[in-house]
Amino acid sequence: MPKQSPEQKKTVSRVMHEYKHGELESGAGKKVKNPRQAVAIALHEAGASKEESPQKNAENLRKTKAKERSGRTAKAQKEGKN
């Protein structure tokens, strides 16, 4: 697997932080309880998944960075910033 960029590392770190604090939700809106699922979500959001094409990974990272800039993360929602 290729080396992760600093942006990807930061995104993976944020998602795993949300998981550890019980804030990470799956696409269906349920809390994530399985650490393997949390890692899969983190890699998907960071655009570092080996299961997807490089184009799809780049698109996922762009979407995630836009979400972080606009403050639509679980942490921001919990703090009432949305």
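Model, not experiment: these values are computed from the prediction.

How each quantity is defined
Numbers given for residues are sequential positions, taken from 1 along each chain in its written order. For a predicted model such as this one, the threshold for reporting local features is a pLDDT of at least 70, and the threshold for listing and counting side-chain atom pairs is 80 or more; totals across whole chains, interfaces and linings nevertheless cover every residue. To obtain the side-chain values, all non-hydrogen atoms of the structure were included, while hydrogens and water were left out. Where helices and strands are cited, they refer to DSSP runs of H or I of at least four residues and of E of at least two residues respectively, numbered from the N terminus. For a compact globule the rule gives 2.2 Å times the number of residues to the power 0.38, and the radius of gyration it is set against comes from C-alpha atoms. What makes two residues a contact is simply this: any of their non-hydrogen atoms within 4.5 Å. In short, Shrake-Rupley with a 1.4 Å probe defines the accessible areas, and a residue's cover is counted only from the protein chains shown. For this count, His and the chain ends are skipped, Lys and Arg are scored as positive, and Asp and Glu as negative. A charged residue contributes its charge at one atom only: NZ of Lys, CZ of Arg, CG of Asp or CD of Glu. Burial here depends on accessible area, computed with a 1.4 Å probe over protein chains only, as a share of the maximum for the residue type. Under 20% is buried, over 50% is exposed, and the range in between is partly exposed.

**Student:** Explain the overall build of the protein here, please?
**Tutor:** Helix and strand content of the protein: four helices and zero strands. Listed N to C, the secondary structure of the protein is α-α-α-α in terms of helices and strands. Relative to a compact globule of 82 residues, whose C-alpha radius of gyration would be 12 Å, the protein shows 12 Å and is just as compact. Taking the principal axes of its C-alpha atoms as reference, the protein extends roughly 35 × 25 × 20 Å. Here the contacts in the protein between residues at least 6 apart in sequence split such that 43% fall between residues at least 24 apart. Of the roughly 5800 Å² of accessible surface on the protein, a fraction of 52% belongs to carbon and sulfur atoms. If you average the places of the 20 positive and of the 10 negative side-chain charges in the protein, the two averages end up 2 Å apart.

**Student:** How should the environment of Gln4 be read in this particular structure?
**Tutor:** Examined against the element boundaries, Gln4 turns out to sit in the segment before α1 (6-20). Judged by its relative accessible area of 22%, Gln4 falls in the partly exposed class. With 42 residues separating them along the chain, Gln4 and Ala46 place their C-alpha atoms 8.9 Å apart. Once you skip the residues sitting within four places of it in the chain, Gln4 turns out to touch Lys9, Val12, Leu43 and Ala48.

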